[in-house]
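Below, each chain spelled out in residue letters.
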Amino acid sequence: PHKELRFIFPALPLLNAAAAASAARVLRWKRWRGLQTLALVGLCAASFLAMLVMSSASFVNYPGGVAMAGLHSVERNKESISVHIGNLAAISGVSRFLEDGQNWSYSKEEGLLPTELSQRGYDRLISEYAEVPGYFCIAQVQGFQRLAFSKGWPPLSAKLSPQIFVLGRSVDDTTLPCDGSYPSWSAVSH
């Protein structure tokens, strides 16, 4: 699914008009009237199923937003915290509208490597790095990886993988990477 659906919206009326014109033309054919109707109903059903699949993928496609909301939920009693928002988190759901902490400061400085993040001294990181020197894992956030077929219902579902990591600055400079044993957040479970 496209992350910036707003760029697709202007084309939708044109696509709908073309589809409607084609459907009207098909329905005017005298031969095979039953087959035409069946084909159009089949196309509508296929379109509906595609919409369901794309919607399920889109629902879990914003792990950055889930990480930001989760951090605010876990740290809601903290007075002031400095939070660094990594590149992947910034393009996958984090926005100014999610900046809930009144006295919190947020940084979206781009291109910082783990060692540079460590030197900056942020209190919390929402990052694509599972390990940053001097930080411990608070949670890992699952995001869309791919679509996969399954034997049960639904037959096609979104598979998730860890994509964003929420890290906290350790008091004694200990490094504890996100290795799968820490809480896992996703749009489905959080």
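In the block above lies the structure referred to throughout.
Residues numbered from 1 in each chain as written. Predicted model: local features only at pLDDT ≥ 70, side-chain atom pairs only at ≥ 80, totals over all residues. Heavy atoms only, no water.

Comments concerning the pattern of salt bridges
Pairs may arise between side chains of opposite charge once their charged atoms sit close together. This model, assessed by the stated rule, comprises 3 salt bridges. R124 is the partner of E75 in a salt bridge, and the nearest nitrogen-oxygen pair spans 2.9 Å. Of this pair, E75 sits in the loop between α3 (63-74) and β1 (82-85) while R124 sits in strand β3 (residues 124-127), and the two are 49 residues apart along the sequence. The pair formed by E75 and R124 is uniform in burial state, with each residue classed as buried. In this structure, the salt-bridge partner of R120 is E109, at a minimum N-O distance of 2.7 Å. Of this pair, R120 sits in helix α5 (residues 114-120) while E109 sits in the loop between β2 (105-107) and α5, and the two are 11 residues apart along the sequence. (Salt bridge = Lys/Arg side-chain N within 4 Å of Asp/Glu carboxyl O. Helix = DSSP H or I, 4+ residues; strand = E, 2+ residues; numbered from the N terminus. Buried < 20%, exposed > 50% of the residue type's maximum accessible area, 1.4 Å probe, protein only.)

A word on the packing of aromatic side chains
Any pair of aromatic rings gets described here by the distance separating the centres and the angle formed by the planes. Tallied over the entire structure, the rule returns 1 aromatic pair. Measuring from ring centre to ring centre gives 6.3 Å for W104 and Y106, while their planes differ by 40°; the resulting arrangement is tilted. In this pair, the class of W104 matches that of Y106, namely buried. (Phe/Tyr/Trp six-rings, centres within 6.5 Å; stacked < 30°, edge-to-face > 60°.)

Remarks on the layout of surface pockets
Here the largest pocket defines a volume of roughly 330 Å³. Taken together, N16, A19, S22, A23, V26, L40, L43, C44, S47 and M51 make up the full set of residues lining the largest pocket. Those elements that place two or more of their residues in the lining of the largest pocket are α1 (12-27) and α2 (33-59). Residue composition of the lining of the largest pocket, by class: 7 nonpolar, 3 polar and no charged. (1 Å grid on protein atoms, 1.4 Å probe; cavity = no way out; pocket = protein on both sides within 12 Å on 5 of 7 lines; lining within 4 Å. Points joined across faces, edges and corners; volume = space filled by probe spheres on them. Nonpolar A, V, L, I, M, F, W, Y, C, P; charged D, E, K, R; others polar.)

Here we look at a nonpolar patch on the surface
A contiguous nonpolar patch, built from F7, I8, F9, L12 and L15 and spanning about 480 Å² of accessible area, is present on the exposed surface. Structurally, I8 is set in the segment before α1. The exposure class of I8 is partly exposed, given its relative accessible area of 31%. (Patch = residues over 30% accessible without salt bridge, like charges linked within 9 Å, V, L, I, M, F, W, Y side chains within 5 Å. Areas by Shrake-Rupley, 256 points an atom, 1.4 Å probe, with all protein chains shown as cover.)

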